[in-house]
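Single-letter residue listing:
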Amino acid sequence: TVEELYLRHCKGVKDVSAMGTVEVLNLFGCTGVTDVKALGTVKELVLADCTGLTDVSALGTVERLFIRNSPGLTDVSTLRTVKVLDLSNCEGVRDVSALGTVKTLDLSYCEDVTDVSALGTVRKFTLLNCTGVTDVSTLGTVQELILSGCTNVTDVRALGDVKVLDLSHCVGITDFSAVPHATR
């Protein structure tokens with residue numbers, strides 16, 4: 001039986017109901033895919049550029065989930081047990097409060113996300129160009145934190161235990177002496 005199936009840019013693919021038995025499924029750019037209810041048992045699932053997606057509630061048991069560029073997606077609350085989750089450029093996503101148990105989380109270009117206070121236990125967190133985020137005070141235990149382009153972040157004093165910190169293009173930060181351990 002097939003364990004890994006790659007169907008990148010197969011735009012004619014619509015029905016994926018028989019694909020739930022594979023371990024790795026890559027549907028990158030399969031714009032005809034809209035119903036993913038049968039894919040909850042897949043371990044690694046790539047749905048990037050599947051722009052018709054609106055409901056991912058059945059995917060909470062997927063271990064590694066990549067859903068980049070799905071503008072119709074709004075509710076991600078059922079994805080709390082996913083280990084690696086990429087929601088970059090999912091413009092409809094606003095409430096990410098349920099994702100605190102995700103280990104690696106990418107919310108790059110999710111400009112409507114404003115509250116990340118519940119995500120302090122994420123290990124690797126990417127918020128590239130998340131201009132809606134202003135308060136990162138609860139992210140002090142994140143191991144790797146990418147805030148590049150978060151122009152409205154101004155205070156980084158609480159980020160003392162972050163091992164890798166990217167503040168590139170964070171023009172709102174004017175006092176870099178507040179960057180923890182940077183001056184030691």
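Source: prediction; values computed, not measured.

Caption draft 1: Structural detail: the overall build of the protein chain. Helices and strands together make up the secondary structure of the protein chain, namely zero helices and nine strands. From first element to last, N terminus to C terminus, the protein chain shows the α and β order β-β-β-β-β-β-β-β-β. Its C-alpha atoms give the protein chain a radius of gyration of 17 Å, near enough to 16 Å, the size a compact globule of 184 residues would have. Projected onto its principal axes, the C-alpha coordinates of the protein chain cover approximately 55 × 25 × 25 Å. Counting every position in the protein chain, which comprises 184 residues, the buried fraction comes to 46%. For the protein chain, the proportion of contacts with a sequence separation of at least 24, taken over those separated by at least 6, is 0%. Summed over its atoms, the accessible surface of the protein chain is roughly 8900 Å², and 50% of this surface lies on carbon and sulfur atoms. Distance between charge centroids for the protein chain: 4 Å, based on 16 positive and 23 negative side chains.

Caption draft 2: Seen up close, the packing of aromatic side chains. Counting across every chain of the model gives zero aromatic pairs. Stacked on the ring of Phe 28, the Lys or Arg Arg 8 has its end atom at 4.5 Å from the ring centre.

Caption draft 3: Expanded view of the nonpolar core. Counting 56 residues, the largest nonpolar core has Leu 27 and Phe 125 as its most contacted members. Excluding residues that lie within four positions of it along the chain, Phe 125 makes contacts with Leu 105, Leu 107, Val 116, Leu 119, Leu 139, Val 142, Glu 144, Leu 145 and Ile 146. Counting residues in hydrophobic clusters, the runner-up holds five residues, among them Phe 28, Ala 48, Phe 66 and Val 84.

Caption draft 4: Summary view of unusual backbone geometry. The phi dihedral of Tyr 109 falls on the positive side, at around 65°, and the residue is not glycine. By secondary structure assignment, the location of Tyr 109 is in the loop between strand E6 (104-106) and strand E7 (124-126). The exposure class assigned to Tyr 109 is partly exposed, which follows from its relative accessible area of 35%. Notably, Asn 129 is not glycine yet its phi reads approximately 55°, a positive angle. Here Asn 129 shows up in the loop between E7 and strand E8 (144-146).

Caption draft 5: Representation of the sheet that holds strand E1 (residues 4-6) within the structure. Pairing is parallel in the open sheet, where nine strands are placed in the order E1-E2-E3-E4-E5-E6-E7-E8-E9. Looking at which strands have only one partner, the edges of the open sheet turn out to be E1 and strand E9 (164-166). With direction set aside, neighbouring strand axes in the sheet form an average angle of 0°. Inspection of the sheet shows E8 paired to E9 by three bridges, in the parallel sense. Note that in E9 the partner of Glu 144 across the bridge is Val 164.

Caption draft 6: Main features of a negative patch on the surface. A contiguous patch of negative charge on the surface is contributed by Asp 55, Asp 75, Asp 95, Asp 115 and Asp 135. Structurally, Asp 95 can be placed in the loop between strand E5 (84-86) and E6. What makes Asp 95 exposed here is its relative accessible area of 52%.

Caption draft 7: Region of the structure containing the pattern of salt bridges. Inspection of every chain in the model, using the stated rule, returns five salt bridges. One salt bridge in this structure joins Asp 35 and Lys 37, with 3.3 Å as the shortest N-O distance. Owing to a relative accessible area of 57%, Lys 37 belongs among the exposed residues under this scheme. Notably, a salt bridge pairs Glu 44 with Arg 64, separated by 3.1 Å at the nearest N-O pair. In this pair, Glu 44 is assigned in strand E3 (residues 44-46) and Arg 64 in strand E4 (residues 64-66), connecting sequence segments 20 residues apart. Judged by its relative accessible area of 25%, Glu 44 falls in the partly exposed class.

The rules we used
Residues numbered from 1 in each chain as written. Predicted model: local features only at pLDDT ≥ 70, side-chain atom pairs only at ≥ 80, totals over all residues. Heavy atoms only, no water. Helix = DSSP H or I, 4+ residues; strand = E, 2+ residues; numbered from the N terminus. Rg over C-alpha atoms; globule rule 2.2 N^0.38 Å. Buried < 20%, exposed > 50% of the residue type's maximum accessible area, 1.4 Å probe, protein only. Contact = heavy atoms within 4.5 Å. Areas by Shrake-Rupley, 256 points an atom, 1.4 Å probe, with all protein chains shown as cover. Lys, Arg positive; Asp, Glu negative; His and termini not counted. Charge placed at Lys NZ, Arg CZ, Asp CG, Glu CD. Phe/Tyr/Trp six-rings, centres within 6.5 Å; stacked < 30°, edge-to-face > 60°. Lys NZ or Arg CZ within 6 Å of the ring centre and 35° of its normal. Core = buried A, V, L, I, M, F, W, Y, C linked by side-chain atoms within 4.5 Å. Pairing = 2+ DSSP bridges. Axes fitted to C-alpha atoms, helices over the stretch in contact; angles between N-to-C directions. Patch = residues over 30% accessible without salt bridge, like charges linked within 9 Å, V, L, I, M, F, W, Y side chains within 5 Å. Salt bridge = Lys/Arg side-chain N within 4 Å of Asp/Glu carboxyl O.

Remember that the coordinates give geometry; whether it matters functionally is a separate question.
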